[in-house]
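# Observations on chain architecture
Chain by chain, the residues:
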Amino acid sequence: MARTAAIGIQDFEQLIQNHYFYIDKTHFIQEWWESGDSVTLITRPRRFGKTLAMSMLEKFFSVSYKDRGDLFQNLHIWENPKYRNLQGSYPVIFLSFADVKETSFIQARKKICRILKYVYKQFRFLLDSDLLDEYEKEDFRSISVTMEDNEASYALKTLSEYLFRYYNKKVIILLDEYNTPMQEAFLNGYWEELSAFTRNLLSAAFKNNSYLERRMMTGITRISKESIFSDLNNLTVVTSVSDAYADCFGFTETEVFQSLREFGLSDKKQEVKDWYNGFTFGAVSVIYNPWSVLHYLKTENRYLLGKYQF
């Protein structure tokens, strides 16, 4: 019996626990970890599974999901004992800029500060420990929508230090949709202000931060190095033309055909191939947009191919 092809699920835990249709991409965890890269930026078009992949990384590495190997036990990554031992073993900071779509710098800055405040809220247990002195607790509580620029720029670095001291282990930071605020800034005329603010935030968190193990960012496009990445000489950029992780986002043609077979649509292989014909990521990989394929599987109606064309 075919699994339910749920549309728009971006939370890995929800997808697995509900036994929704999922194509195993957990080899991405191993590929990324074994790359050894300190800071990784991965760009892909919309609806190619970037947020789901980041959610998967969070659930795999975060100490908040310690002893949650059930989420991975039937997937590729669980076949390797080394990675079974890594699951749930790191403090993880996960944040997304996907909703920062404001029309002014003031509002965009407030939204980013609100996101930072929410991130801190997830780790309020630090205030109940003996880890922080009174000055540090005061700094912790000062993270707010109206905090000063210097407080905002050091917020992620400072939290990384606190978590490192608490767990005695370096931290992983995952930043999804990093470029959304910058796109809005370009469209609405506040690029210079926001790029300076973002550059200071990313530089403190991603470069001059000895408390971090790894950092990853995802986005639709790469913002020029001369703007927000000017200080990140440790940044590895993986674009749509890179060979790295080429099959970790989206569906390969083999995976699409296997999906059609599961849903009793094997006779539609050539039709899907002729209609979509895939993207090319890297030198040889033909990759299909998951959103379009899932819609087709869900409706089981070939006429929707034209309607949902990506």
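Everything here concerns the structure above.
Below is a summary of the structure that appears in this document. (Residues numbered from 1 in each chain as written. Predicted model: local features only at pLDDT ≥ 70, side-chain atom pairs only at ≥ 80, totals over all residues. Heavy atoms only, no water.)

### Description of the pattern of salt bridges
With the rule as written, the count across this model stands at 11 salt bridges. A salt bridge links K59 to E58, with the nearest nitrogen and oxygen atoms 3.1 Å apart. As far as burial versus exposure is concerned, K59 and E58 are alike and both buried. One salt bridge connects E161 with R165, and the closest N-O pair in it is separated by 3.2 Å. Remark: R165 and E161 occur in helix 8 (residues 155-167); sequence separation between them is four residues, near one turn of the helix. Taken together, the shared-partner salt bridges in this structure form one network comprising D11, E58 and K59. (Salt bridge = Lys/Arg side-chain N within 4 Å of Asp/Glu carboxyl O. Buried < 20%, exposed > 50% of the residue type's maximum accessible area, 1.4 Å probe, protein only. Helix = DSSP H or I, 4+ residues; strand = E, 2+ residues; numbered from the N terminus.)

### Things to note about the pairing of strand 3 (residues 171-176)
Burial of strand 3 is extensive: six of the six residues sit out of reach of the surface. Here strand 3 shows two buried faces, one formed by V171, I173 and L175 and the other by I172, L174 and D176. Pairing geometry for strand 2 (residues 92-96) and strand 3, over five bridges, is parallel. Bridge pairing in strand 3 links F94 to L174. (Pairing = 2+ DSSP bridges.)

### Topic: helix 13 (residues 290-299)
Of all 10 residues in helix 13, seven are buried; the element is thus mostly enclosed. Of all the positions in helix 13, only P290, S292, V293, L294, H295, Y296 and L297 are classed as buried.

### Some remarks on the sheet that holds strand 4 (residues 212-219)
Strand order in this open sheet of five strands is 2-3-4-1-5, and the pairing throughout is parallel. One side of each edge strand has no neighbouring strand; the edge strands of this open sheet are strand 2 and strand 5 (235-238). Recorded for the sheet is a direction-independent mean angle of 15 degrees between the axes of neighbouring strands. This element, helix 3 (residues 50-61), spans strand 2, strand 3 and strand 4 of the sheet and lies at about 165 degrees to strand 3. (Axes fitted to C-alpha atoms, helices over the stretch in contact; angles between N-to-C directions. Contact = heavy atoms within 4.5 Å.)

### Remarks on the nonpolar core
Membership of the largest hydrophobic core comes to 46 residues, with the highest contact counts inside it found for I93, L95, F206 and M217. Where this core is concerned, the elements lending two or more residues are strand 1 (39-43), strand 2, helix 5 (105-121), helix 8, strand 3, helix 9 (180-188), helix 10 (191-207) and strand 4. The element that contributes the greatest number of residues to this core is helix 5, accounting for eight residues. Setting aside chain neighbours within four positions, we find M217 in contact with V39, T40, L41, I42, M54, L175, Y178, L202, F206, F229, L232 and L235. W33, F61, L71 and L86 belong to the second-largest nonpolar core, a separate cluster that totals 32 residues. (Core = buried A, V, L, I, M, F, W, Y, C linked by side-chain atoms within 4.5 Å.)

### What to know about a negative patch on the surface
A grouping of D133, E134, E138 and D139 is seen on the molecular surface, where their side chains present a negatively charged patch. Structurally, D133 is set in the loop between helix 5 and helix 6 (134-141). The partly exposed category is assigned to D133, whose relative accessible area is 39%. (Patch = residues over 30% accessible without salt bridge, like charges linked within 9 Å, V, L, I, M, F, W, Y side chains within 5 Å. Areas by Shrake-Rupley, 256 points an atom, 1.4 Å probe, with all protein chains shown as cover. Lys, Arg positive; Asp, Glu negative; His and termini not counted. Charge placed at Lys NZ, Arg CZ, Asp CG, Glu CD.)

### Points about helix 10
The terminal C-alpha atoms of helix 10 lie 22 Å apart, and with 17 residues this matches the ideal 24 Å at 1.5 Å per residue to within 8%. Looking at helix 10, one finds that the buried residues are L194, S195, F197, T198, L201, L202, S203, A204, A205 and F206. (Expected span 1.5 Å × (residues − 1).)

### Points about the packing of aromatic side chains
According to the stated counting rule, one finds 23 aromatic pairs in the structure shown. Ring centres of F28 and F249 lie 5.2 Å apart, and the angle between their planes is 65 degrees; this geometry places the pair in the edge-to-face category. One end of the pair, F28, is in helix 2 (residues 27-35); the other, F249, is in the loop between strand 5 and strand 6 (251-252), and 221 residues separate them in sequence. Ring centres of Y166 and Y167 lie 4.9 Å apart, and the angle between their planes is 75 degrees; this geometry places the pair in the edge-to-face category. A relative accessible area of 30% means that Y167 is categorised as partly exposed. Three or more aromatic residues joined by ring pairs form one cluster here, namely F12, Y22, W32, W33, F60, F61, F72 and Y90. In this structure, R44 packs its charged tip against the face of F281, placed 4.5 Å from the ring centre. Taking NZ or CZ as reference, R214 lies 4.2 Å from the ring centre of W33, over its face. (Phe/Tyr/Trp six-rings, centres within 6.5 Å; stacked < 30°, edge-to-face > 60°. Lys NZ or Arg CZ within 6 Å of the ring centre and 35° of its normal.)

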